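Chain and residue survey
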Amino acid sequence: MPTVELTYREALRRALREEMARDENVYMMGEDIAIYGGAFGVSLGLLEEFGPERIKDTPLSESVIVGAALGSALTGMRPVAEIMFMDFITIGMDQLINQAAKIHYMYGGKACVPMVLRTPGGSGTGAAAQHSQSLEGLLCHIPGLKVVMPSCPYDALGLLKSSIRDNNPVVFVEHKLLYSGRELVPEKEYLVPLGKSEVKREGTDLTLVALSVMVVRALKAADKLAQEGISVEIIDPRTLVPLDLEAIINSVKKTHRLLIVHEACKRGGFGAEILSQVEESDAFDYLDVPIRRLAGSNIPIPYSPGLEKGAVPQEDDILGAARKLVG
Amino acid sequence: MTLNKNDLIRMYKQMLTIRRFEEKVAEFLSQGTIHGTGHLYIGEEAIAVGACRAIENEDYITSTHRGHGHCIAKGADLNKMMSELLGKETGYCRGKGGSMHIADVETGNLGANGVVGGGIPIACGAGITIKMKKLKRVVLCFFGDGAVNQGVFHESLNLASVWDLPVVFICENNFYAMSTATKIAFKIKDLSLRAASYGMPGVKVDGNDVLKIYEEVIEAASRAREDKGPTFIVCDSYRWKGHSRSDAERYRTKKEVMEWKKRCPIERFKKYLLDKRYLTREMTEQIEWEVNLSIQEAVDFAQKSPFPSLKTLEQDVYAN
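Everything numeric here is computed off the predicted structure, so don't read it as measured data. Counting restarts for each chain, with residues numbered from 1 along the sequence as it is written. Following the order in which they are written, the chains are lettered starting with A and the ligands numbered starting with 1. Side-chain atom pairs in this predicted model are given and counted only at pLDDT of 80 or more, local residue features only at pLDDT of at least 70, and totals for whole chains, interfaces and linings cover all residues. Side-chain measures were taken over the full set of non-hydrogen atoms in the model, leaving aside hydrogen atoms and water.

Topic: the overall build of chain B
- Helix and strand content of chain B: eleven helices and seven strands.
- A compact globule built from 320 residues would reach a C-alpha radius of gyration of about 20 Å, and chain B, at 19 Å, matches this within 12%.
- For chain B, the spread of C-alpha atoms along the principal axes amounts to about 55 × 50 × 40 Å.
- For chain B, buried positions account for 56% of its 320 residues.
- Whether two residues touch is decided by their heavy atoms; if any such pair falls within 4.5 Å, the residues are in contact. Looking at chain B alone, contacts between residues at least 24 apart form 73% of all its contacts between residues at least 6 apart.
- Carbon and sulfur atoms make up 50% of the accessible area of chain B, which amounts to about 13900 Å² in all. The numbering of helices and of strands both runs from the N terminus, where a helix is a DSSP run of H or I of at least 4 residues and a strand a run of E of at least 2. Two things to know: the radius of gyration comes from C-alpha atoms, and the globule rule equals 2.2 Å times the number of residues to the power 0.38. Exposure is judged per residue with a 1.4 Å probe applied to protein chains only, and the accessible area is read against the type maximum: over 50% gives exposed, under 20% gives buried, and values in between give partly exposed. We get accessible surface area from the Shrake-Rupley algorithm with a probe of 1.4 Å; when it comes to residues, only the shown protein chains can shield them.

Remarks on the packing of helix 8 (residues 213-227) of chain A against helix 12 (residues 315-326) of chain A
Residue and element names in this part refer to chain A.
- Fitted lines through C-alpha atoms serve as axes, helices being fitted only where they are in contact, and the angles separating the N-to-C directions of these axes extend from 0 to 180 degrees. Here helix 8 crosses helix 12 at 55°, and the two axes come no closer than 9 Å. Compared by their axis directions, helix 8 and helix 12 come out oblique. Regarding helix 8 and helix 12, the two cross each other, and that crossing is right-handed. Contact residues: Met214, Arg217, Ala218, Lys220, Ala221, Lys224 and Leu225 in helix 8; Glu315, Ile318, Leu319, Ala322 and Arg323 in helix 12.
- In this classification, Asp, Glu, Lys and Arg are treated as charged, Ala, Val, Leu, Ile, Met, Phe, Trp, Tyr, Cys and Pro as nonpolar, and every other residue, Gly included, as polar. Here the contact of helix 8 with helix 12 is composed, by residue class, of seven nonpolar, no polar and five charged. Each angle gets one of four labels, with under 35 degrees taken as roughly parallel, over 145 as roughly antiparallel, 65 to 115 as roughly perpendicular, and the rest as oblique. Handedness of a crossing follows from how the near helix is turned relative to the far one, being left-handed for an anticlockwise turn of less than a right angle and right-handed for a clockwise one.

What to know about the nonpolar core
- Nonpolar core, defined: a set of buried Ala, Val, Leu, Ile, Met, Phe, Trp, Tyr and Cys residues in which side-chain atoms within 4.5 Å join the residues together. Residues B:Phe143, B:Phe169 and B:Phe232 are the most contacted members of the largest nonpolar core, which totals 149 residues.
- When residues of this core are assigned to domains, at least three map to each of domain 1 (3-186) and domain 2 (198-326) of chain A.
- Residues in contact with B:Phe143, not counting those within four places in the same chain, are B:Thr64, B:Ile120, B:Val148, B:Phe153, B:Phe169, B:Ile170, B:Cys171, B:Glu172 and B:Phe232.
- By size, the runner-up hydrophobic cluster in this structure holds 73 residues, among which are B:Leu3, B:Ile213, B:Tyr214 and B:Ile266. An automatic or database domain assignment is the source of the domain bounds shown.

Section: the interface of chain A and chain B
- Contacts between the two partners involve 43 residues from chain A and, on the opposite side, 39 residues from chain B.
- Note on definitions: buried area is the accessible-area loss of two parts on being combined, 1.4 Å probe, summed for both. Both faces considered, chain A and chain B share a buried interface measuring about 3200 Å² in area, 63% of it formed by carbon and sulfur atoms.
- Among the residues chain A hides against chain B, the three largest losses belong to A:Thr75, A:Tyr105 and A:Tyr107. Together they make up 21% of the total.
- Polar contact is defined as a pair of N or O atoms within 3.5 Å, subject to the rule that within protein one atom must be able to donate a hydrogen and the other to accept it, and that residues adjacent in sequence are counted only when both atoms are side-chain atoms. Taken together, chain A and chain B are joined by 17 residue pairs in polar contact (both at pLDDT 80 or more).
- At the level of secondary structure, the elements contributing two or more residues to the side of chain A that touches chain B comprise strand 2 (26-30), strand 3 (55-57), helix 3 (62-74), helix 4 (93-100) and helix 5 (103-106) of chain A.
- Top element by residues in the side of chain A that touches chain B is helix 3 of chain A. It accounts for nine residues.
- Across the side of chain A that touches chain B, the residue classes tally to 17 nonpolar, 18 polar and eight charged.

A short note on the pattern of salt bridges
Residue and element names in this part refer to chain A.
- Salt bridge, as used here: a side-chain nitrogen of Lys or Arg that lies within 4 Å of a carboxyl oxygen of Asp or Glu. This structure, assessed with the given rule, holds 44 salt bridges over all chains.
- Lys161 is paired through a salt bridge with Glu18; the nearest N and O atoms lie 2.6 Å apart. Remark: Glu18 occurs in helix 1 (residues 8-22) and Lys161 occurs in helix 7 (residues 153-165); sequence separation between them is 143 residues.
- By relative accessible area, Lys161 is classed as buried at 0%.

Some details on the sheet that holds strand 11 (residues 232-236) of chain A
All names here are of chain A.
- Strands were regarded as paired on the criterion that DSSP finds at least two bridges between them. Across the sheet, five strands lie side by side as 9-11-10-13-14; this open sheet has mixed pairing. Strand pairing shows two members of the sheet lacking a second neighbour, strand 9 (198-201) and strand 14 (292-296), which therefore form its edges. In this sheet, adjacent strand axes meet at a mean angle of 25° when their direction is disregarded.
- Across four bridges, the pairing between strand 10 (residues 206-210) and strand 13 (residues 258-265) is parallel. Residue pairing in the sheet places Leu208 in a bridge with Leu259 of strand 13.
- This element, helix 9 (residues 245-255), spans strand 10, strand 11 and strand 13 of the sheet and lies at about 170° to strand 11.
- Lying on the sheet, helix 10 (residues 270-279) is in contact with strand 10, strand 13 and strand 14; it crosses strand 13 at an angle near 155°.

Digging into helix 10 of chain A
Residues and elements named next belong to chain A.
- All buried positions along helix 10 are accounted for by Phe270, Gly271, Ile274, Leu275 and Val278. Looking straight down helix 10, one finds that the buried residues subtend no more than 145° of arc, so they occupy a single side.
- Against helix 6 (136-140), strand 10, strand 12 (239-241), helix 9, strand 13 and strand 14 lie the buried residues of helix 10. Here the arc refers to the set of directions running from the helix axis out to each C-beta atom.

Description of the pairing of strand 7 (residues 170-175) of chain A
Residues and elements named next belong to chain A.
- Burial within strand 7 is extensive, with six of its six residues counted as buried.
- Residue alternation in strand 7 divides its side chains into two sets, Val170, Phe172 and Glu174 and Val171, Val173 and His175, and both sets are buried.
- Examined bridge by bridge, strand 5 (residues 116-121) and strand 7 share six bridges and lie parallel to one another. Bridging from a neighbouring strand, Gly121 pairs with His175 of strand 7.
- In terms of strand pairing, strand 6 (residues 146-148) meets strand 7 through three bridges, oriented parallel. Paired with Val147 across the two strands is Val171, which belongs to strand 7.
- With the strands pointing away from the viewer, any crossover whose connection runs clockwise from the first strand over the helix to the second is right-handed. Read as a crossover between parallel neighbours, the route from strand 6 over helix 7 to strand 7 is right-handed.

Focus on the sheet that holds strand 5 of chain A
All names here are of chain A.
- Pairing in this open sheet of seven strands is mixed, and the strands run 3-2-4-5-7-6-12 from one edge to the other. The open sheet has two edge strands, strand 3 and strand 12, and neither has a second partner. Each strand axis lies, on average, 20° off the axis of its neighbour in the sheet, ignoring direction.
- Where strand 6 meets strand 12, two bridges bridge the pair, whose relative direction is antiparallel. Its bridge partner being in strand 12, Val147 is matched across the sheet by Val241.

Some words on the side chain of A:Ser63
- Examined against the element boundaries, A:Ser63 turns out to sit in helix 3.
- Setting aside its immediate chain neighbours within four residues, A:Ser63 contacts A:Ile91, A:Gly92, A:Gln95, B:Pro121, B:Val152 and B:Glu155.

Things to note about unusual backbone geometry
- Cis geometry marks the peptide bond from A:Val241 to A:Pro242; its omega dihedral reads 0°.
- Along the chain, A:Pro242 turns up in the loop between strand 12 and helix 9.

Now the structure itself:
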């Protein structure tokens, strides 16, 4: 199968390009996405290709970006709205949570809102507390929203295409530190379905469920752990809602140990949800030790580099937590 | 577009239908037959009817928590409306939405809204669809004076203006956002002045004059259809009833309410039609009878309809 090397950023761009070429109802809007190409360059070049009607630069107005995406989705379009930083979804929260998420149910299943909200989350760029949050936990709490968090170019491409074709509001959470990561992906068109996790590395001693950039750190840690004789199985849920719990359960039944790693604050984070769901499943009987969570500190993301790194799990933290769980 | 005699009579009948429908809802609210809350449109009928008469079936509206009048004016089925209010399976939202969420997207009613100002950006989105699909349609976006102080009002009117979206923003100024008087919440006296800062026309109109509203919306809608952008129309009117079921109305005087009742939009239009000899006393009685019958039929239909099964509880959270 012919492949091509793409960055995560390029993979997202290819997904957008393919879906816009495929369906004239797909269009993009957001702040500085047109001539600037988006704050992280994802949509660079699409203005030239698709024109200003379909690559719309908006005023700095997150509420109406989300609400107008909703309104156009409700009337037959498939908008992809970009919110420049995940922190800013809070500005459009009424339209996302009270409106978009609820319309299908509230209207008795008689209308749907096929929209995608792309937004980069996460820390590591020195942008501090208002540009570094991982707010996916807030969104997963809301019935009616789907939440997608790809960790690599292959998934970013296939999942974005599936998200655009989905008939629900999908929040598509990218990660700033992943944009330049490279990977070979098929030249031929492909999709990655929502609600399907992937085993990123097979192992026998410990199941490690990691989200977004933590998958990359977990893979590195797993290489080192392998040298110590610890075999780690890494599962990337890829979509948090819907969650492919089955894959996690099956892995836990095999390894008897579960470590969950995410960047978001530990308190109320999605790791607590995964932990609970596994405990409530028949996998509980297979556990040799209690499930552990490794997650961000319950603090705003600080600025100074050392503090910023210390606020969220790093490779060493994953190594430590894994050793403790297996030892 | 000039309205002929039959159009005018239809408008009168529609205003009366809203009034009688809301009176029935008021009765059900006080009896507890409707278990949620309800926000009644009594006194403001001219706005919905005048505005919706000015658009076509395929055009869109977005509505508010006080939305029954907009639904009826957009041509909603009274049976399905009443069923929804009674929480029945046969309601517009199969009993899942209630008063504040009645919608019928297929006929262009994009929905009432429980959040003040919540529908304004949604109207912009429908405007984007119209423009991108070159549909030559228009969106009427209804909201109250309270919404004019929401942030989305600003974001949405600005976006609609810079993108020339085919939206007519219609503020139903009934002078109170729940209990908060406009004179407390606004430094300006004429809310239509806000339009100037968005570079769009702002118009103030007597919200109890159904024909004047019709004329203003016709003009605004034709501008919108010609790609000349949005308009902001402020209709001054008054809600006769409290904000919702539980309003003790401590913020206004009985005298003020009585003054506004003297300016009843329906009586005023009826007088106009009688003076013009478009209507006779006999005809008004006939219309009254027909309207009452349609409300009674809706009540019967709703009361005979089943409640939704618990099996539907977790259905339709996500679309396929």
